[in-house]
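Take a look at the letters that make up each chain.
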Amino acid sequence: MHVPEPQGGLGNRATRTDDRVLQAAVELLADEGYSALAFTRISERAGLSRRPVHDRYESRSDLALDIWKRKAGAALLASLEGLYETFEGKGANREHFAAAMQEFFTPSEELRCALEILVVSQFDLRLSTAIAESAARDFEPLIHTGPADSELRRATSRAYVTAYAFGLILTSRLPSSEPIDIGYEAGRLFDSLMIDAPQSPLPQIEGGIFSTPTAIETGEPQLDALLMATLDEVAAQGYEKATTARIVRAAGCTEGYLFSRYDSKRDLFVDAVRRKLAASLQRTNDLLTSIAATYGQPAADALLIRESMRPQAARRRAVALEHLRVGMHDADMRRAHSESLEKFVENTRATDPEWERLMTLSRARFGYALGMGISAVPLLMPSAWELPFDISTRALAE
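What you see is a predicted model; the values in this text were computed from it and never measured.

## Some points on the environment of Thr171
By secondary structure assignment, the location of Thr171 is in the loop between helix H8 (149-170) and helix H9 (183-193). Here Thr171 falls in the buried class, since its relative accessible area comes to 1%. Separated by 201 residues in sequence, Thr171 and Met372 have C-alpha atoms that sit 8.1 Å apart. Leave out the neighbours within four places in its chain, and Thr171 touches Leu324, Met328, Arg365, Tyr368, Ala369 and Met372.

## Side note on the nonpolar core
Among the nonpolar cores identified, the biggest contains 95 residues, and Ile42, Ile67, Trp68, Leu76, Phe97 and Met101 are the most heavily contacted of them. Those residues within four positions of Met101 in sequence are excluded, and the remaining contacts are Leu83, Val161, Tyr164, Ala165, Leu168, Ile182, Ala186, Leu189 and Phe366. Of all hydrophobic cores here, the second largest spans 24 residues; its members include Ala235, Ile247, Leu258 and Ala272.

## Topic: the pattern of salt bridges
This structure, assessed with the given rule, holds 30 salt bridges. In the salt-bridge network here, residues are joined through shared partners; they are Glu116, Glu240, Glu322 and Arg325.

## A closer look at the packing of helix H14 (residues 297-309) against helix H19 (residues 390-397)
Orientation of H14 relative to H19, taken along the N-to-C sense of each, is 140 degrees, at an axis distance of 8 Å. The angle between the axes of H14 and H19 places the two elements in the oblique class. The two elements H14 and H19 meet at a crossing, and its hand is right-handed. From H14, Pro298, Ala299, Asp301, Ala302 and Ile305 reach across to H19, where they touch Asp390, Thr393, Arg394 and Ala397. Split into classes, the residues belonging to the contact of H14 with H19 amount to five nonpolar, one polar and three charged.

## Looking at the packing of aromatic side chains
In this structure the tally under the stated criterion is seven aromatic pairs. Arranged with centres 4.7 Å apart and planes meeting at 25 degrees, the rings of Tyr164 and Phe366 form a pair that is stacked. Of this pair, Tyr164 sits in helix H8 while Phe366 sits in helix H18 (residues 361-376), and the two are 202 residues apart along the sequence. Relative to Phe269, the ring of Tyr239 has its centre 5.5 Å away and its plane inclined at 35 degrees; by these criteria the two rings are tilted. Taken together, the residues span a long stretch of sequence, with Tyr239 in the loop between helix H10 (221-237) and helix H11 (244-251) and Phe269 in helix H13 (residues 265-295) at a distance of 30 residues. Take Phe269: its relative accessible area is 1%, and that puts it in the buried class. Three or more aromatic residues joined by ring pairs form one cluster here, namely Tyr84, Phe87, Phe97 and Phe190. The ring of Tyr34 is capped by Arg60, whose NZ or CZ atom sits 4.1 Å from the centre of that ring.

## Quick look at the side chain of Glu233
Counting through the fold element by element, Glu233 comes out in helix H10. A polar atom in the side chain of Glu233 sits 2.8 Å from the side chain of Arg246. Excluding residues within four positions of it along the chain, Glu233 makes contact with Gly238, Lys241, Ala242, Thr243, Arg246 and Ile247.

## A short note on the packing of H10 against H11
Contact geometry of H10 with H11 gives a least axis separation of 8 Å together with a crossing angle of 130 degrees. Between H10 and H11, the angle falls in the class oblique. For H10 against H11, the interelement crossing comes out right-handed. Together, Ala225, Leu226, Ala229, Thr230, Glu233 and Gln237 of H10 and Arg246, Ile247, Val248, Ala250 and Ala251 of H11 make up the contact between the two elements.

## Focus on H19
The α-helix advances 3.6 residues per turn, and as a result positions three or four apart in sequence lie on the same side. The element H19 is largely enclosed, with a buried count of seven among its eight residues. When H19 is considered as a whole, its buried residues turn out to be Asp390, Ile391, Ser392, Thr393, Arg394, Ala395 and Leu396. Elements in contact with the buried residues of H19: H8, H9, H13 and H14.

The rules we used
Residues numbered from 1 in each chain as written. Predicted model: local features only at pLDDT ≥ 70, side-chain atom pairs only at ≥ 80, totals over all residues. Heavy atoms only, no water. Helix = DSSP H or I, 4+ residues; strand = E, 2+ residues; numbered from the N terminus. Buried < 20%, exposed > 50% of the residue type's maximum accessible area, 1.4 Å probe, protein only. Contact = heavy atoms within 4.5 Å. Core = buried A, V, L, I, M, F, W, Y, C linked by side-chain atoms within 4.5 Å. Salt bridge = Lys/Arg side-chain N within 4 Å of Asp/Glu carboxyl O. Axes fitted to C-alpha atoms, helices over the stretch in contact; angles between N-to-C directions. Parallel < 35°, antiparallel > 145°, perpendicular 65-115°, else oblique. Left-handed = near helix turned anticlockwise from the far one by under 90°. Nonpolar A, V, L, I, M, F, W, Y, C, P; charged D, E, K, R; others polar. Phe/Tyr/Trp six-rings, centres within 6.5 Å; stacked < 30°, edge-to-face > 60°. Lys NZ or Arg CZ within 6 Å of the ring centre and 35° of its normal. Polar contact = N/O pair within 3.5 Å; in protein donor to acceptor, adjacent residues only side chain to side chain.

Following this line, the structure appears as C-alpha coordinates:
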(Lines give C-alpha, C1' and ligand atoms only; values in the text may rest on other atoms or scores of the structure.)
Protein backbone atom coordinates (compact mmCIF):
# COMPACT_ATOMS: atom_id res chain seq x y z
CA MET A 1 0.00 0.00 0.00
CA HIS A 2 1.32 3.41 -0.92
CA VAL A 3 1.77 5.72 2.05
CA PRO A 4 1.70 9.42 1.10
CA GLU A 5 4.89 11.33 1.85
CA PRO A 6 4.25 13.50 4.92
CA GLN A 7 4.48 17.25 4.55
CA GLY A 8 8.11 18.21 4.34
CA GLY A 9 8.99 14.64 3.36
CA LEU A 10 11.22 15.61 0.48
CA GLY A 11 13.24 17.79 2.79
CA ASN A 12 13.45 15.01 5.35
CA ARG A 13 14.59 12.57 2.69
CA ALA A 14 17.26 15.01 1.51
CA THR A 15 18.44 15.46 5.08
CA ARG A 16 18.68 11.70 5.56
CA THR A 17 20.69 11.43 2.35
CA ASP A 18 22.97 14.21 3.51
CA ASP A 19 23.53 12.40 6.78
CA ARG A 20 24.28 9.08 5.04
CA VAL A 21 26.77 10.70 2.68
CA LEU A 22 28.50 12.59 5.48
CA GLN A 23 28.67 9.58 7.78
CA ALA A 24 30.14 7.39 5.03
CA ALA A 25 32.73 10.08 4.30
CA VAL A 26 33.62 10.41 7.99
CA GLU A 27 34.15 6.66 8.29
CA LEU A 28 36.39 6.51 5.23
CA LEU A 29 38.40 9.57 6.24
CA ALA A 30 38.92 8.29 9.79
CA ASP A 31 39.80 4.72 8.82
CA GLU A 32 41.72 5.11 5.56
CA GLY A 33 42.68 8.74 5.26
CA TYR A 34 42.24 11.56 2.80
CA SER A 35 43.24 9.50 -0.24
CA ALA A 36 40.22 7.21 0.36
CA LEU A 37 37.77 10.13 0.16
CA ALA A 38 36.60 9.22 -3.35
CA PHE A 39 32.99 9.89 -4.36
CA THR A 40 32.54 6.37 -5.72
CA ARG A 41 33.64 4.78 -2.45
CA ILE A 42 31.46 7.14 -0.42
CA SER A 43 28.44 6.27 -2.56
CA GLU A 44 29.05 2.55 -2.13
CA ARG A 45 29.46 2.83 1.64
CA ALA A 46 26.35 5.01 1.95
CA GLY A 47 24.32 2.62 -0.23
CA LEU A 48 23.52 5.36 -2.73
CA SER A 49 24.12 6.08 -6.38
CA ARG A 50 26.96 8.46 -7.21
CA ARG A 51 24.64 11.32 -8.09
CA PRO A 52 23.73 12.41 -4.52
CA VAL A 53 27.42 12.84 -3.71
CA HIS A 54 28.22 14.68 -6.95
CA ASP A 55 25.18 16.90 -6.52
CA ARG A 56 26.34 18.00 -3.08
CA TYR A 57 30.10 18.40 -3.56
CA GLU A 58 32.32 19.56 -6.37
CA SER A 59 35.55 18.17 -4.98
CA ARG A 60 37.17 16.21 -2.18
CA SER A 61 38.16 19.53 -0.60
CA ASP A 62 34.50 20.61 -0.46
CA LEU A 63 33.59 17.38 1.28
CA ALA A 64 36.44 17.59 3.79
CA LEU A 65 35.46 21.18 4.51
CA ASP A 66 31.86 20.15 5.18
CA ILE A 67 33.06 17.40 7.53
CA TRP A 68 35.12 19.95 9.44
CA LYS A 69 32.28 22.48 9.69
CA ARG A 70 29.49 20.06 10.57
CA LYS A 71 31.25 17.39 12.60
CA ALA A 72 35.00 17.26 13.13
CA GLY A 73 35.78 20.85 14.12
CA ALA A 74 32.92 21.03 16.60
CA ALA A 75 33.83 17.65 18.11
CA LEU A 76 37.45 18.70 18.58
CA LEU A 77 36.48 22.02 20.16
CA ALA A 78 34.03 20.38 22.56
CA SER A 79 36.55 17.72 23.59
CA LEU A 80 39.25 20.32 24.29
CA GLU A 81 36.90 22.50 26.30
CA GLY A 82 35.84 19.47 28.33
CA LEU A 83 39.48 18.55 28.91
CA TYR A 84 40.36 22.03 30.15
CA GLU A 85 37.52 21.92 32.67
CA THR A 86 39.10 18.90 34.36
CA PHE A 87 42.23 20.81 35.42
CA GLU A 88 41.01 24.36 35.89
CA GLY A 89 39.41 26.02 38.89
CA LYS A 90 37.04 24.20 41.21
CA GLY A 91 36.39 21.52 38.59
CA ALA A 92 39.98 20.24 38.69
CA ASN A 93 39.95 16.48 39.25
CA ARG A 94 42.79 14.02 38.62
CA GLU A 95 40.57 11.07 37.70
CA HIS A 96 38.37 13.16 35.43
CA PHE A 97 41.47 14.54 33.72
CA ALA A 98 42.85 11.04 33.07
CA ALA A 99 39.48 9.94 31.69
CA ALA A 100 39.36 12.99 29.41
CA MET A 101 42.86 12.23 28.11
CA GLN A 102 41.74 8.67 27.41
CA GLU A 103 39.16 10.12 25.00
CA PHE A 104 42.03 11.36 22.85
CA PHE A 105 44.00 8.10 23.20
CA THR A 106 40.98 6.15 21.89
CA PRO A 107 39.46 8.88 19.73
CA SER A 108 36.11 8.93 18.00
CA GLU A 109 35.88 8.99 14.21
CA GLU A 110 35.16 12.73 14.36
CA LEU A 111 38.36 13.42 16.32
CA ARG A 112 40.46 11.32 13.93
CA CYS A 113 38.87 13.19 11.01
CA ALA A 114 39.68 16.52 12.65
CA LEU A 115 43.43 15.81 12.82
CA GLU A 116 43.43 14.26 9.34
CA ILE A 117 41.84 17.40 7.90
CA LEU A 118 44.20 19.63 9.86
CA VAL A 119 47.27 17.93 8.41
CA VAL A 120 46.06 17.86 4.80
CA SER A 121 44.89 21.48 5.04
CA GLN A 122 48.54 22.52 4.86
CA PHE A 123 48.50 21.55 1.18
CA ASP A 124 45.02 22.76 0.16
CA LEU A 125 44.27 26.48 -0.12
CA ARG A 126 40.51 26.19 0.42
CA LEU A 127 40.93 23.98 3.45
CA SER A 128 43.74 26.06 4.92
CA THR A 129 41.67 29.25 4.55
CA ALA A 130 38.68 27.68 6.30
CA ILE A 131 40.85 26.19 9.03
CA ALA A 132 42.50 29.57 9.61
CA GLU A 133 39.07 31.17 10.01
CA SER A 134 38.00 28.44 12.42
CA ALA A 135 41.25 28.80 14.36
CA ALA A 136 40.82 32.57 14.75
CA ARG A 137 37.16 32.25 15.76
CA ASP A 138 37.11 29.14 17.96
CA PHE A 139 40.55 27.83 18.92
CA GLU A 140 42.96 30.73 19.25
CA PRO A 141 40.71 32.37 21.90
CA LEU A 142 41.22 29.27 24.06
CA ILE A 143 44.78 30.44 24.74
CA HIS A 144 44.01 34.14 24.96
CA THR A 145 46.21 35.89 27.50
CA GLY A 146 45.69 39.08 29.44
CA PRO A 147 47.87 41.13 31.76
CA ALA A 148 47.37 38.84 34.74
CA ASP A 149 49.99 36.19 35.43
CA SER A 150 47.22 33.63 36.01
CA GLU A 151 45.93 34.14 32.47
CA LEU A 152 49.37 33.48 31.01
CA ARG A 153 49.71 30.30 33.05
CA ARG A 154 46.26 29.13 32.05
CA ALA A 155 47.00 29.70 28.35
CA THR A 156 50.33 27.89 28.61
CA SER A 157 48.79 24.91 30.40
CA ARG A 158 46.06 24.69 27.79
CA ALA A 159 48.48 24.79 24.87
CA TYR A 160 50.75 22.22 26.53
CA VAL A 161 47.89 19.80 27.23
CA THR A 162 46.51 20.38 23.73
CA ALA A 163 49.82 19.17 22.28
CA TYR A 164 49.42 15.91 24.20
CA ALA A 165 45.80 15.59 23.09
CA PHE A 166 46.57 16.16 19.41
CA GLY A 167 49.51 13.75 19.57
CA LEU A 168 47.40 11.03 21.17
CA ILE A 169 44.89 11.30 18.33
CA LEU A 170 47.61 11.26 15.68
CA THR A 171 49.30 8.17 17.15
CA SER A 172 46.15 6.35 18.29
CA ARG A 173 46.40 3.68 15.59
CA LEU A 174 49.90 2.56 16.49
CA PRO A 175 49.97 -1.15 17.35
CA SER A 176 51.70 -2.34 20.50
CA SER A 177 53.26 -5.59 21.68
CA GLU A 178 51.81 -4.96 25.14
CA PRO A 179 48.81 -3.12 26.61
CA ILE A 180 49.25 0.65 26.82
CA ASP A 181 47.90 2.43 29.89
CA ILE A 182 48.25 6.21 29.82
CA GLY A 183 46.56 6.66 33.20
CA TYR A 184 49.77 7.00 35.20
CA GLU A 185 51.36 9.47 32.80
CA ALA A 186 48.14 11.46 32.56
CA GLY A 187 48.07 11.60 36.36
CA ARG A 188 51.64 12.93 36.45
CA LEU A 189 50.71 15.55 33.90
CA PHE A 190 47.70 16.61 35.98
CA ASP A 191 49.83 16.90 39.11
CA SER A 192 52.28 19.15 37.26
CA LEU A 193 49.44 21.41 36.16
CA MET A 194 48.63 22.02 39.82
CA ILE A 195 52.16 23.28 40.59
CA ASP A 196 52.84 27.00 40.46
CA ALA A 197 56.25 26.64 38.82
CA PRO A 198 58.43 29.73 38.34
CA GLN A 199 58.93 31.25 34.92
CA SER A 200 62.49 31.72 33.70
CA PRO A 201 63.71 33.46 30.56
CA LEU A 202 64.71 31.03 27.85
CA PRO A 203 67.94 31.46 25.91
CA GLN A 204 67.57 33.24 22.60
CA ILE A 205 68.71 31.29 19.54
CA GLU A 206 69.25 33.64 16.61
CA GLY A 207 66.91 32.59 13.84
CA GLY A 208 65.71 29.59 15.86
CA ILE A 209 67.01 26.05 16.29
CA PHE A 210 65.75 24.92 12.91
CA SER A 211 66.75 27.98 10.90
CA THR A 212 69.82 26.33 9.38
CA PRO A 213 68.89 23.58 6.90
CA THR A 214 70.52 20.23 7.54
CA ALA A 215 71.86 18.50 4.45
CA ILE A 216 71.48 14.80 3.71
CA GLU A 217 74.88 13.31 2.94
CA THR A 218 74.82 9.71 1.76
CA GLY A 219 78.07 9.93 -0.16
CA GLU A 220 76.13 9.91 -3.44
CA PRO A 221 75.37 13.47 -4.63
CA GLN A 222 72.62 12.34 -6.99
CA LEU A 223 70.85 10.40 -4.23
CA ASP A 224 71.23 13.35 -1.86
CA ALA A 225 69.57 15.62 -4.43
CA LEU A 226 66.75 13.11 -4.94
CA LEU A 227 66.03 12.81 -1.23
CA MET A 228 66.06 16.56 -0.63
CA ALA A 229 63.85 17.15 -3.68
CA THR A 230 61.39 14.61 -2.27
CA LEU A 231 61.12 16.48 1.03
CA ASP A 232 60.72 19.80 -0.79
CA GLU A 233 57.97 18.39 -2.99
CA VAL A 234 56.03 16.84 -0.08
CA ALA A 235 56.43 20.01 2.03
CA ALA A 236 54.87 22.03 -0.79
CA GLN A 237 52.28 19.62 -2.20
CA GLY A 238 51.60 16.97 0.41
CA TYR A 239 52.22 13.26 -0.12
CA GLU A 240 49.20 12.52 -2.33
CA LYS A 241 49.82 15.44 -4.71
CA ALA A 242 53.58 14.93 -4.85
CA THR A 243 54.71 13.48 -8.18
CA THR A 244 57.84 11.56 -8.99
CA ALA A 245 58.05 13.53 -12.26
CA ARG A 246 58.46 16.83 -10.41
CA ILE A 247 60.81 15.25 -7.87
CA VAL A 248 63.27 13.92 -10.45
CA ARG A 249 63.10 17.15 -12.44
CA ALA A 250 64.04 19.14 -9.33
CA ALA A 251 66.75 16.62 -8.47
CA GLY A 252 68.20 16.62 -11.99
CA CYS A 253 67.86 12.87 -12.46
CA THR A 254 65.48 10.44 -14.16
CA GLU A 255 62.56 8.35 -12.97
CA GLY A 256 64.60 5.35 -14.06
CA TYR A 257 67.21 6.26 -11.49
CA LEU A 258 64.55 6.80 -8.82
CA PHE A 259 62.92 3.42 -9.39
CA SER A 260 66.27 1.67 -9.57
CA ARG A 261 66.70 2.73 -5.92
CA TYR A 262 63.12 2.61 -4.61
CA ASP A 263 60.10 0.45 -5.35
CA SER A 264 57.56 3.23 -4.81
CA LYS A 265 57.00 6.88 -3.98
CA ARG A 266 56.15 5.79 -0.45
CA ASP A 267 59.50 4.04 0.01
CA LEU A 268 61.31 7.10 -1.31
CA PHE A 269 59.44 9.43 1.05
CA VAL A 270 59.99 7.20 4.08
CA ASP A 271 63.72 6.94 3.40
CA ALA A 272 64.04 10.69 2.83
CA VAL A 273 62.39 11.44 6.19
CA ARG A 274 64.48 8.81 7.96
CA ARG A 275 67.77 10.17 6.61
CA LYS A 276 66.80 13.80 7.21
CA LEU A 277 65.85 13.02 10.80
CA ALA A 278 69.13 11.22 11.40
CA ALA A 279 71.07 14.13 9.92
CA SER A 280 69.35 16.79 12.04
CA LEU A 281 68.94 14.82 15.26
CA GLN A 282 72.57 14.98 16.34
CA ARG A 283 72.86 18.72 15.73
CA THR A 284 69.65 19.42 17.65
CA ASN A 285 70.62 17.11 20.52
CA ASP A 286 74.05 18.71 20.84
CA LEU A 287 72.51 22.18 21.04
CA LEU A 288 69.85 21.16 23.57
CA THR A 289 72.42 19.31 25.70
CA SER A 290 74.49 22.48 25.87
CA ILE A 291 71.42 24.52 26.84
CA ALA A 292 70.41 21.96 29.49
CA ALA A 293 73.89 22.11 31.03
CA THR A 294 73.56 25.87 31.52
CA TYR A 295 69.84 26.44 32.08
CA GLY A 296 68.53 23.00 33.11
CA GLN A 297 66.67 20.27 31.22
CA PRO A 298 63.20 21.85 31.65
CA ALA A 299 64.45 25.00 29.90
CA ALA A 300 65.87 22.91 27.05
CA ASP A 301 62.56 21.03 26.72
CA ALA A 302 60.60 24.29 26.71
CA LEU A 303 62.91 25.77 24.10
CA LEU A 304 62.41 22.76 21.84
CA ILE A 305 58.63 23.16 22.13
CA ARG A 306 58.80 26.86 21.34
CA GLU A 307 61.16 26.43 18.41
CA SER A 308 59.11 23.57 16.97
CA MET A 309 56.01 25.80 16.99
CA ARG A 310 57.68 28.87 15.45
CA PRO A 311 56.15 30.06 12.16
CA GLN A 312 59.59 29.61 10.56
CA ALA A 313 59.43 25.86 11.28
CA ALA A 314 56.25 25.35 9.21
CA ARG A 315 58.00 23.37 6.47
CA ARG A 316 59.61 21.01 8.95
CA ARG A 317 56.27 20.49 10.72
CA ALA A 318 54.47 19.84 7.44
CA VAL A 319 56.84 17.02 6.48
CA ALA A 320 56.78 15.47 9.96
CA LEU A 321 52.99 15.51 10.20
CA GLU A 322 52.52 14.24 6.66
CA HIS A 323 54.94 11.38 7.33
CA LEU A 324 52.96 10.42 10.42
CA ARG A 325 49.57 10.83 8.72
CA VAL A 326 50.54 8.63 5.78
CA GLY A 327 52.02 6.08 8.17
CA MET A 328 48.87 5.79 10.26
CA HIS A 329 46.96 4.59 7.18
CA ASP A 330 49.58 2.05 6.11
CA ALA A 331 49.90 -1.18 8.08
CA ASP A 332 53.60 -1.65 7.30
CA MET A 333 54.47 1.91 8.29
CA ARG A 334 52.40 1.68 11.49
CA ARG A 335 54.28 -1.45 12.42
CA ALA A 336 57.63 0.22 11.65
CA HIS A 337 56.69 3.23 13.81
CA SER A 338 55.74 0.94 16.67
CA GLU A 339 58.85 -1.24 16.39
CA SER A 340 61.05 1.87 16.36
CA LEU A 341 59.41 3.14 19.55
CA GLU A 342 59.74 -0.22 21.29
CA LYS A 343 63.39 -0.41 20.24
CA PHE A 344 63.94 3.03 21.77
CA VAL A 345 62.49 1.80 25.08
CA GLU A 346 64.65 -1.31 24.98
CA ASN A 347 67.83 0.65 24.26
CA THR A 348 67.09 3.28 26.90
CA ARG A 349 66.55 0.69 29.59
CA ALA A 350 69.68 -1.20 28.58
CA THR A 351 72.01 1.81 28.52
CA ASP A 352 70.78 3.71 31.57
CA PRO A 353 70.17 1.74 34.79
CA GLU A 354 68.19 4.64 36.23
CA TRP A 355 65.66 4.31 33.42
CA GLU A 356 65.33 0.52 33.67
CA ARG A 357 62.44 0.90 36.10
CA LEU A 358 61.06 4.23 34.87
CA MET A 359 61.00 3.76 31.12
CA THR A 360 57.90 1.88 30.03
CA LEU A 361 56.25 1.58 26.65
CA SER A 362 53.28 3.55 27.99
CA ARG A 363 55.56 6.41 29.05
CA ALA A 364 57.33 6.35 25.69
CA ARG A 365 54.01 6.45 23.82
CA PHE A 366 52.84 9.41 25.92
CA GLY A 367 56.09 11.29 25.28
CA TYR A 368 55.98 10.45 21.59
CA ALA A 369 52.45 11.86 21.45
CA LEU A 370 53.72 15.16 22.84
CA GLY A 371 56.45 15.30 20.20
CA MET A 372 53.93 14.79 17.40
CA GLY A 373 51.25 17.02 18.90
CA ILE A 374 53.62 19.96 19.19
CA SER A 375 53.74 20.07 15.40
CA ALA A 376 49.94 20.15 15.06
CA VAL A 377 49.09 22.81 17.67
CA PRO A 378 50.19 25.81 15.51
CA LEU A 379 47.63 24.84 12.86
CA LEU A 380 44.84 25.90 15.23
CA MET A 381 46.69 28.00 17.80
CA PRO A 382 49.34 29.89 15.82
CA SER A 383 50.30 32.17 18.71
CA ALA A 384 51.07 29.23 21.05
CA TRP A 385 54.80 29.39 20.29
CA GLU A 386 55.03 32.69 22.19
CA LEU A 387 53.91 31.14 25.49
CA PRO A 388 56.39 30.40 28.33
CA PHE A 389 56.37 26.62 28.15
CA ASP A 390 59.06 26.40 30.83
CA ILE A 391 56.21 26.90 33.33
CA SER A 392 54.89 23.50 32.29
CA THR A 393 58.16 21.67 31.71
CA ARG A 394 59.60 22.80 35.07
CA ALA A 395 56.46 21.70 36.89
CA LEU A 396 56.47 18.27 35.20
CA ALA A 397 60.13 17.79 36.14
CA GLU A 398 59.44 18.30 39.87
